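# Analysis of the macromolecular model
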Amino acid sequence: MPQAVIGALGLRDAGLFSGGESPDPVARLVAGLTDRRILLVLDNCEHVVDGAARLARRLLAACPALRMLATSREALGLTGESLCPLPSLGTPDTIRLFEERAHAVRPGYRLDAGTVGRICAAVDGLPLGIELAAARLRSFELDEVEARLRQLSHGDRTAEPRHQTLRAVVAWSWDLLDADERTMAKRLAVFAGGARLSAAEEVCGLPADVLAGLVDKSLVEVNAGRYRMLETVRAFCVDQLGDEQEQARRSHAAYFLRLAEEAEPRLRTRDQLDWLATLTAEHANLMAALRWAVGADRKIALRLAANTAWYLYLRGLRSEGLPLVVELITALDKEVPTGLVEEYALCAISAGLRLDHVTEVMRDLGRTLRFPYLVMLWAAIGTAEVITMEMFGDDPWSRAFVETAEGLRTLYFGELVASRAAFEQALASFREVGDRWGIANTLDQLAGIAALEGDPVASLALTDEALQVIGELGDVEDAAELQCRRADNLLRIGEVATARAIYDRVAELGTPQALAAAHRGLGEIARLAGDLDTARALYGRALSEYEPGPIIAAEIRARILCGLGAIATADGDAERAREHYEQARDEALTRLNLPIAAFAEQGLSGGDLTWEQALHRLRERFVSLW
């Protein structure tokens with residue numbers, strides 16, 4: 001449920017510049033909703049009432065400005081919950097709805113108001129029941145519809161009355177279907193997020209005119225080229241699958257595995273946005289197929305999980321499939337199916353399981369990677385020493401990735417000229433293939449180098465271009481972090497008011513890293529203005545918001561500590577200043593990040609060293625050891 005809310009709010013697990021670790025989705029929601037006045041609606045909670053209650057309790061406790069509205073057949077059972085029972089539609093509304101639907105299927109048909117009223121009462125005034133009853137006018141007269149409704153069995157007498165009524169109306173509609181329509185309906189029910197016509201025809205094994213019949217009978221809706229069932233209808237049809245369920249689920253999974261395998265390499269091309277849109281439209285189906293495969297066919301599950309990994313990464317939804325991947329790797333343990341070494345490695349790294357075994361099997365791979373970004377995830381778990389150039393192909397994307405790695409290596413050693421050259425070459429290669437993720441990443445790194453070299457104007461221009469590219473991917477989180485780095489440059493050139501406005505805007509929503517960066521920036525503005533108490537409070541808040549993560553996040557923490565060191569120096573507390581600067585320097589050195597460590601070293605010198613001199617000193621002391 002937390003991941004569903006993240007998707008509905010347009011949030012992401014984390015930005016594209018983040019590392020491979022997937023954050024806690026509830027923590028992500030808390031970060032995105034803290035200090036925001038918003039009404040969050042959870043609809044139809046009765047099937048997940050326990051999860052909805054746990055989520056609501058945590059969010060309401062952490063986000064005082066948040067209000068929640070839940071619709072459910074039972075209360076969530078939370079302290080402070082206010083209940084508002086909802087009656088059925090009023091008689092005039094139910095009659096008007098029936099008349100609208102009846103005239104849509106049988107224009108000009110004369111309706112008797114009394115009979116219509118009794119029909120609406122027979123289905124308890126429920127809109128779905130009214131729509132299905134009105135649809136029967138294609139084949140029956142009005143009095144025949146009323147008579148049939150009076151005869152309907154209410155099925156399970158232990159069920160809630162409204163549920164009995166709906167199921168009975170759906171069952172009547174089912175009874176009126178021919179054999180092909182029934183087959184289509186129950187097979188279509190395995191689709192979790194609706195279906196395109198081509199997908200429905202292939203998975204269900206029947207032509208489009210059969211599906212059109214279900215639309216005519218109001219059992220299937222069509223909108224923007226997608227066919228879907230209302231959940232009540234879908235649940236009924238799933239129950240009708242019986243022994244066919246295994247084959248229907250397998251056909252569904254096979255179709256979406258082929259789609260994922262076709263899309264995966266294209267997510268690193270200039271067609272990236274089109275394929276992202278295609279997979280996003282099928283997101284629920286992809287996750288449903290993975291859920292089935294984990295329990296029924298682990299080879300399909302490995303292939304599907306691996307071929308959707310980059311899509312989920314680009315969409316910022318890595319945590320959504322994580323419980324399934326954990327379940328899969330736990331079941332496989334160290335069993336690697338033949339030909340699926342990379343798929344196993346991707347899943348194991350994502351799950352954080354069997355990592356020693358991953359190193360063993362990857363060391364013996366001996367061929368070019370089919371999933372080249374596996375190296376990025378692999379390096380994040382500390383086993384990258386077995387990476388060899390033979391693992392990369394000679395395609396432009398792989399070359400760009402290698403050039404990016406070289407740019408990072410030389411950057412962290414403080415070799416800015418060599419780093420810029422590597423990133424410029426990587427940028428050219430990413431532009432060649434049209435991968436916006438790579439373009440934005442390299443532009444951001446080049447902007448950082450320009451800032452280190454004391455050219456905030458050039459850094460601003462590069463950051464602005466990166467923001468434009470990230471916007472095409474819909475990456476709000478990385479846009480927030482880039483906006484903070486933009487504000488840093490604006491502050492350096494004296495545009496304080498504009499920088500403050502950006503920091504304030506980012507502080508309203510974003511990942512924990514973006515929040516920490518924004519409050520650090522606001523603290524820096526206060527420090528430069530001489531308001532040390534406000535600066536100290538903002539830096540302290542930023543430090544509390546920081547979450548361990550990728551290198552960029554660690555840089556934010558080091559800058560926060562340097563800011564606290566500067567405040568302590570201004571207060572005349574040399575001992576506290578030294579503690580903050582040493583902590584910042586040591587943590588940066590642990591990350592092998594000399595440029596950031598040099599800022600702390602400069603602070604420790606009391607201003608006697610320039611940043612370049614501090615960098616030179618650290619290189620002499622540490623690079624030979626690395």
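Our structure is the block above this text.
Bear in mind that the values here come from a model prediction, so they are computed numbers and not experimental data. Residue positions are counted from 1 within each chain, in the order its sequence is given. Where local features are concerned, this predicted model is filtered to residues with pLDDT of at least 70; where side-chain atom pairs are given and counted, the filter is 80 or more; whole-chain, interface and lining totals use all residues. For side-chain calculations, the full set of non-hydrogen atoms in the structure is used, while hydrogens and water are omitted.

## Things to note about the overall build of the chain
Where we set the bar: Strands here mean DSSP runs of E at least two residues long; helices mean DSSP runs of H or I at least four residues long; both are numbered from the N terminus. Burial status follows relative accessibility: with a 1.4 Å probe on protein chains alone, a residue under 20% of its type maximum counts as buried, one over 50% as exposed, and anything between as partly exposed. Contacts are assigned to residue pairs with any non-hydrogen atoms lying within 4.5 Å of each other.
Looking only at helices and strands, the chain features 32 helices and five strands. Looking at the chain as a whole, 50% of its 626 residues are labelled buried. Within the chain, contacts between residues at least 6 apart in sequence are counted, and of these 65% link residues at least 24 apart.

## Topic: the environment of Ala260
Tracing the backbone through its elements, the reader meets Ala260 in helix H13 (residues 245-263). Taking the C-alpha atoms as reference, Ala260 lies 7.7 Å from Leu279; in sequence the two are 19 residues apart. When neighbours within four sequence positions are excluded, Ala260 is seen to be in contact with Leu286, Leu304, Asn307 and Thr308.

## Some words on the packing of helix H17 (residues 322-332) against helix H18 (residues 341-351)
Rules: Between N-to-C directions, angles cover 0 to 180 degrees, with each direction set by a line fitted to C-alpha atoms, over the stretch in contact for helices. Left-handed describes a crossing whose near helix is turned anticlockwise from the far helix by less than a right angle; the clockwise case is right-handed. The classification used treats Ala, Val, Leu, Ile, Met, Phe, Trp, Tyr, Cys and Pro as nonpolar, Asp, Glu, Lys and Arg as charged, and all other residues, Gly among them, as polar.
Remark: H17 packs on H18, axes separated minimally by 9 Å, with the N-to-C direction vectors making an angle of 115 degrees. Classified by chirality, the crossing of H18 by H17 is left-handed. Contacts from Leu322, Val325, Val326, Leu328, Ile329 and Leu332 in H17 reach Tyr344, Cys347, Ala348, Ser350 and Ala351 in H18. Class assignment of the residues belonging to the contact of H17 with H18 gives a composition of ten nonpolar, one polar and no charged.

## Considerations on the packing of aromatic side chains
Defined as follows: Here a pair means two rings of Phe, Tyr or Trp (six-membered ring of Trp) with centres within 6.5 Å. Their orientation is stacked below 30 degrees between planes, edge-to-face above 60, and tilted elsewhere.
Within the structure shown, the criterion is met by twelve aromatic pairs. Each ring, one from Phe140 and one from Trp172, has its centre 5.8 Å from the other, and the planes form 55 degrees; the classification is tilted. Here Phe140, found in the loop between helix H6 (127-135) and helix H7 (142-151), pairs with Trp172, found in helix H8 (residues 161-175); they are 32 residues apart in sequence, far enough to count as distant. The buried category is assigned to Trp172, whose relative accessible area is 2%.

## Quick look at helix H5 (residues 113-122)
The condition is simple: The arc in question is the one traced by the directions running from the helix axis out to the C-beta atoms.
Of the positions making up H5, those classed as buried are Thr115, Val116, Ile119 and Cys120. The buried residues of H5 occupy an angular sector of 135 degrees when the element is viewed end-on, so they sit on one face. A positive phi of about 60 degrees marks Asp124, the residue just after H5.

## Concerning the side chain of Glu264
Inspection of the secondary structure puts Glu264 in the loop between H13 and helix H14 (272-281). Given a relative accessible area of 3%, Glu264 falls into the buried group. Excluding residues that lie within four positions of it along the chain, Glu264 makes contacts with Asn307, Trp310, Arg370, Phe371 and Tyr373.

## A look at a nonpolar patch on the surface
Spelled out, the test is: Note that patches include only residues with greater than 30% relative accessible area and no salt bridge, and the join distances are 9 Å for like charges and 5 Å for nonpolar side chains (Val, Leu, Ile, Met, Phe, Trp, Tyr). In these tables, accessible area is a Shrake-Rupley quantity obtained with a 1.4 Å probe, and a residue counts as shielded only by the protein chains included in the view. Put simply, a salt bridge is a Lys or Arg side-chain nitrogen that is within 4 Å of an Asp or Glu carboxyl oxygen.
Judged by side-chain polarity, Leu39, Val41 and Leu69 come together as a nonpolar surface patch covering roughly 270 Å² of accessible area. As for its placement among the helices and strands, Val41 is situated in strand S1 (residues 38-42).

## Structural notes on unusual backbone geometry
The backbone of Asp333 shows a phi angle near 55 degrees, a positive value even though the residue is not glycine. In this structure, Leu592 takes a positive phi of about 60 degrees despite not being glycine. Within the secondary structure layout, Leu592 lies in the loop between helix H30 (574-590) and helix H31 (594-604). Classification of Leu592 by relative accessible area gives partly exposed; the value is 36%.

## Section: the packing of helix H1 (residues 2-9) against helix H2 (residues 25-33)
Where H1 meets H2, the axes come as close as 9 Å, and the angle between the chain directions of the two elements is 35 degrees. Handedness of the H1/H2 crossing: left-handed. The segment H1 lies against H2, with Pro2, Gln3, Val5, Ile6 and Leu9 engaging Pro25, Val26, Arg28, Leu29 and Leu33. Taken together, the residues that form the contact of H1 with H2 break down as eight nonpolar, one polar and one charged.

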